[in-house]
Amino acid sequence: MKLRLAFSRKGKTDPGREPVIARVVKETGVLINVEKANIDSMAGEMLIDVPDKDADQVRRRLEEMGVTVRVMENAVVRDEEECVDCGACIGVCPQEVFSFDAEWRLVVSAERCVLCGKCIRACPHGALSQQG
Ligand code: SF4
Ligand code: SF4
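Going by what an unreviewed UniProt entry lists, the protein is known as 4Fe-4S binding protein and is assigned to Methanoculleus submarinus.

Structure below.
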């Protein structure tokens, strides 16, 4: 399951100043895959992937440390009314989220998405968006 994390780094005791991911891994034994991270001097955002069965535990521990956690059920969402199955999103996605089925209809494997945003910019019909 993918979790989107947001944290402040403004104050010396803010969660972004602490090794929160390493701490959760050490305390829980859950292996966390960091798929994306944008961190500057004031704040940070991360996309992490954890096994579904461990997601509640990881989320709870991160929130206790002051991190804002949002569960991403579907990282990229396709509006089926707008999609014309042109395939422009297939070539730009680094994660191979998109493919065609036997009838040349677009198939979306959203669990692979790392929220890079390339497909959203590439779609000529505005059919793709990020959850939340
Ligand atoms: S946001 Fe990036 S990783 Fe996710 S589906 Fe689009 S191109 Fe692929
Ligand atoms: S680029 Fe947009 S319209 Fe084309 S297949 Fe992908 S989602 Fe559908």
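A. Structural context of the overall build of the protein. A count of helices and strands for the protein gives four helices and eight strands. If you list the helices and strands of the protein from N to C, you get β-α-β-β-α-β-β-α-β-β-α-β. Its C-alpha atoms give the protein principal-axis dimensions of roughly 50 × 30 × 20 Å. When burial is assessed residue by residue, the protein has 21% of its 132 residues classed as buried. Within the protein, counting contacts between residues at least 6 apart in sequence, those at least 24 apart form 63% of the total.

B. Here's a closer look at the nonpolar core. Core analysis: the largest hydrophobic core is formed by 13 residues, its most contacted members being Val76, Cys89, Val97, Cys119 and Leu128. With sequence-adjacent residues up to four places away left out, cysteine 89 is seen in contact with Phe98, Cys119, Ala122, Cys123 and Leu128. Counting residues in hydrophobic clusters, the runner-up holds 10 residues, among them Leu5, Val24, Val50 and Leu62.

C. Highlighting the sheet that holds strand E4 (residues 68-72). Ordered by their spatial adjacency, four strands build an open sheet running E2-E3-E1-E4, and the pairing between neighbours is antiparallel. Of all the strands in the sheet, just strand E2 (33-39) and E4 have a single pairing partner and so form its edges. The average angle at which neighbouring strand axes cross in this sheet is 15°, direction not considered. As judged from the seven bridges shared by strand E1 (residues 2-8) and strand E3 (residues 43-49), these two strands associate in the antiparallel manner. Counted as the bridge partner of leucine 3 is isoleucine 48 from E3. Packed on one face of the sheet, helix H2 (residues 55-64) meets E1 and E4 and runs near 5° to E1.

Rules and cut-offs
- Sequence order sets the numbering: in each chain, residues are counted from 1 along the sequence as written.
- All chains are assigned letters beginning at A, and all ligands numbers beginning at 1, according to the order in which they are written.
- Thresholds applied to this predicted model are a pLDDT of at least 70 for local features of residues and 80 or more for the giving and counting of side-chain atom pairs; totals over whole chains, interfaces and linings are not thresholded and use all residues.
- Helix and strand definitions follow DSSP, with helices as H or I runs of at least four residues and strands as E runs of at least two, each counted in order from the N terminus.
- Counting other C-beta atoms within 10 Å of its own, a residue is labelled buried from 20 upward, exposed at 12 or fewer, and partly exposed in the gap between, with every C-beta atom placed from the backbone.
- By the convention adopted here, residues are in contact when the distance between their C-beta atoms, placed from the backbone, does not exceed 7 Å.
- Buried Ala, Val, Leu, Ile, Met, Phe, Trp, Tyr and Cys residues whose C-beta atoms connect them within 7 Å together make up a nonpolar core.
- Two strands qualify as a pair provided that DSSP identifies no fewer than 2 bridges between them.
- For helices, the fitted line uses only the C-alpha atoms of the stretch in contact; every axis is such a line through C-alpha atoms, and the angle between N-to-C directions lies from 0 to 180 degrees.

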